[in-house]
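# Fold and contact review
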Amino acid sequence: MHSTGKLTADSYEEFLERFSVEVPENFNFAYDFLDAEAATDPTRPAMVHVDDDGNRRDLDLAFFSSESSRMAQGLAKRGIGPGDRVLVMLYRRVEWWITVLALHKLGAVAAPGPHLLTTKDIEFRVDYAGIKAIVCEDGLAEKVDAARANCPSLTLLVGAGEGALPEGWTRFDDIIADGEENYIHTGPDGRRPGGADPLYIFFTSGTTGMPKMVTHPHTYPLGHLTTGMYWHDLKPGDLHLTLSDTGWAKSVWGKFYGQWLSGACIFTWDFRGKFTPDSLLGILAEHRITTFCAPPTVYRFLVREDLSLYDLSALRHCTTAGELLNTSVFESWKQSTGLNIYEGYGQTETCLQTATFPFMEPKPGSIGKPCPGWDLVLLDESGNPCPTGVEGEICIRLSEGRNLGLFTGYLDEPEKTATVMYDGYYHTGDKAWADEDGYFWFMGRNDDLIKSSGYRIGPFEVETALVSHPAVVEAAVTAVPDPVRGQAVKATLVLAQGYEPSDELTREIQDHVKKVTAPYKYPRVIDYVDELPKTISGKIKRAEIREKDESGN
Ligand code: ATP
Ligand code: MG
């Protein structure tokens, strides 16, 4: 399989009609796409990698093809084979891609983990998933090693980098040195791994509780053709940056399959520590990045900078997903850069479900329209489809077979899977409504919606109104019990520099919300904090604010 030609579509309808993905039998991305493409076009740019000190490496497809084969054989010699689960914690090092591709070649299951996992988190994940090996960088080895005593399933610990490693660890480079570049792994039946074999265990962000473990098969990468080729609008010659830690599914949405399938080059910025808006803008300018994807919170910080100080002339297409993009952020980004931000919606359990594609007029605040191949339906509480304008749960119809890119289930938990896959649908747990043009408008997670005096209020619309006030940098809107209304709207706010909490400011912000949205949505309670509770991937944990309010702390 080689890079597929891009469809030209002038409209969403035309795109839907013409889009199709061919799924080769027993598909394995590492053999059937990467190795095949590298054999015909070895020097095709695959990755521009910039480390924390600004050192740049330009890597081609042949590099990833041969290094991953060597790694696969080196791992096979150390007892790693089909179905074995391997935790990978490598920040955004090049070794991350080599390792994951090697695991694809072996038929082993990659479980990416963010570097911020604590020893306890690691123990939980390793024990739950029966992880056999961990590949991490030297800087993380100590905390991984501390988990070892409580993790009997571990047989191999691999450290990347030049730093010291605890006793009993194997060096990444020694494994690579043990393999050959044309290695192909076959089972006793002569079959290479692929198709419906397990590929990944992803951890969800843990916004609503403990992260869930989501499994995807080898066909999953093809589900991201839509993500890279159409939503990110990629083609050969593009340099794409998605800002995400390699520990989340979002990183493979934006830093891997769809990008390579489209012929584009992945830009990887392996910064350490906290990201700063000015350094990111500097990177975009210096490396002439052409397309960019980041969560809304990143754009929120970027638009507060003086963008005229940076040469962003190479940048032509911007996207966002993960949380709702506030309209004011869309507008100020457009004003400063001349570019729209195209929003998408999806979950770890799926690929991109809805998006605003380049050939669609964005409606700021909308998550766009359903992606081809996904039969999305909004269902009311009795399981009936909702008419235009009426909110319902976003569900994916399963009756016509599995959608390409839909998860197989929560790892080893058929009962939990059955709570979201039933009656012929996968239930996302998210609520939205569709307008007369078919655009979806995200309202919130089922649990986050507020019911006040008979009104249903989505937290996002109130948050959007709040952050359009100059004093407000970030807002989280939740329900608090109210004797009269059942629930009242509460806003937890982080103020911009130069603003101090006061009754006067509270009134001013409340009046502002009443003006920019329907007055019944204004927050009756406002709380000021220095920081909102967030997941390690940066999502606001509204459930945590609610729990705190309920327990009275
Ligand atoms: P957990 O399932 O562990 O609570 P999570 O749902 O946040 O965490 P992810 O799979 O990373 O984990 O995120 C998917 C969720 O993010 C969606 O279900 C939705 O609630 C939210 N989301 C994704 N894209 C958007 C978007 N464009 N606008 C609003 N919300 C979005
Ligand atoms: Mg979720």
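Only a predicted model underlies this, so the values are computations on that prediction, with no experimental measurement involved. (Residues numbered from 1 in each chain as written. Chains lettered and ligands numbered in written order. Predicted model: local features only at pLDDT ≥ 70, side-chain atom pairs only at ≥ 80, totals over all residues. Heavy atoms only, no water.)

### Points about the domain arrangement of the protein
- For the protein, the domain assignment lists domain 1 (61-218) and domain 2 (449-551).
- Each of domain 1 and domain 2 has a C-alpha centre, and these two points are 41 Å apart.
- With six residues of domain 1 at the interface, the matching set in domain 2 holds seven residues.
- Interface of domain 1 and domain 2: buried area, both sides summed, is about 500 Å²; carbon and sulfur atoms make up 64% of it.
- On the domain 1 side of the interface with domain 2, the three residues burying the most area are Leu116, Ser205 and Thr207, jointly 76% of the side's total.
- Put simply, domain 1 and domain 2 have zero salt bridges between them.
- Connecting domain 1 to domain 2 are zero residue pairs in polar contact (both at pLDDT 80 or more).
- Classifying every residue of the side of domain 1 that touches domain 2 gives three nonpolar, three polar and no charged. (Domains from an automatic or database assignment. Contact = heavy atoms within 4.5 Å. Buried area = accessible area lost by both parts, 1.4 Å probe. Salt bridge = Lys/Arg side-chain N within 4 Å of Asp/Glu carboxyl O. Polar contact = N/O pair within 3.5 Å; in protein donor to acceptor, adjacent residues only side chain to side chain. Nonpolar A, V, L, I, M, F, W, Y, C, P; charged D, E, K, R; others polar.)

### Digging into unusual backbone geometry
- The backbone of Tyr91 shows a phi angle near 50 degrees, a positive value even though the residue is not glycine.
- Within the secondary structure, Tyr91 sits in the loop between β3 (85-89) and α4 (94-106).
- Accessibility expressed as a relative area gives 14% for Tyr91, which makes it buried.
- For Ser453, which is not a glycine, the phi torsion comes out positive at approximately 45 degrees.
- Turning to its location among the elements, Ser453 is positioned in the loop between β23 (450-452) and β24 (455-457). (Helix = DSSP H or I, 4+ residues; strand = E, 2+ residues; numbered from the N terminus. Buried < 20%, exposed > 50% of the residue type's maximum accessible area, 1.4 Å probe, protein only.)

### Topic: the side chain of Thr354
- Following the sequence through the fold, Thr354 ends up in strand β15 (residues 352-355).
- When its relative accessible area of 0% is taken as the criterion, Thr354 is described as buried.
- Only 2.8 Å separates the side chain of Thr354 from the backbone oxygen of Ile367, close enough to count as a polar contact.
- Among residues more than four places away in sequence, those in contact with Thr354 are Gly344, Tyr345, Ile367, Gly368, Lys369, Pro370, Cys371, Leu376 and Phe440.

### Things to note about the pattern of salt bridges
- For the coordinates displayed, the defined rule picks out 38 salt bridges.
- For Arg191, the salt bridge goes to Asp197, with nearest N and O atoms at 3.0 Å.
- In this structure, the salt-bridge partner of Glu391 is Arg456, at a minimum N-O distance of 2.8 Å. Of this pair, Glu391 sits in the loop between β17 (376-379) and β18 (392-397) while Arg456 sits in strand β24, placing them 65 residues apart in sequence.
- Looking at Arg456, the relative accessible area reads 27%, which means it is partly exposed.
- When salt bridges that share partners are traced, they join Lys6, Asp233, Lys235, Asp238 and Arg316 into one network.

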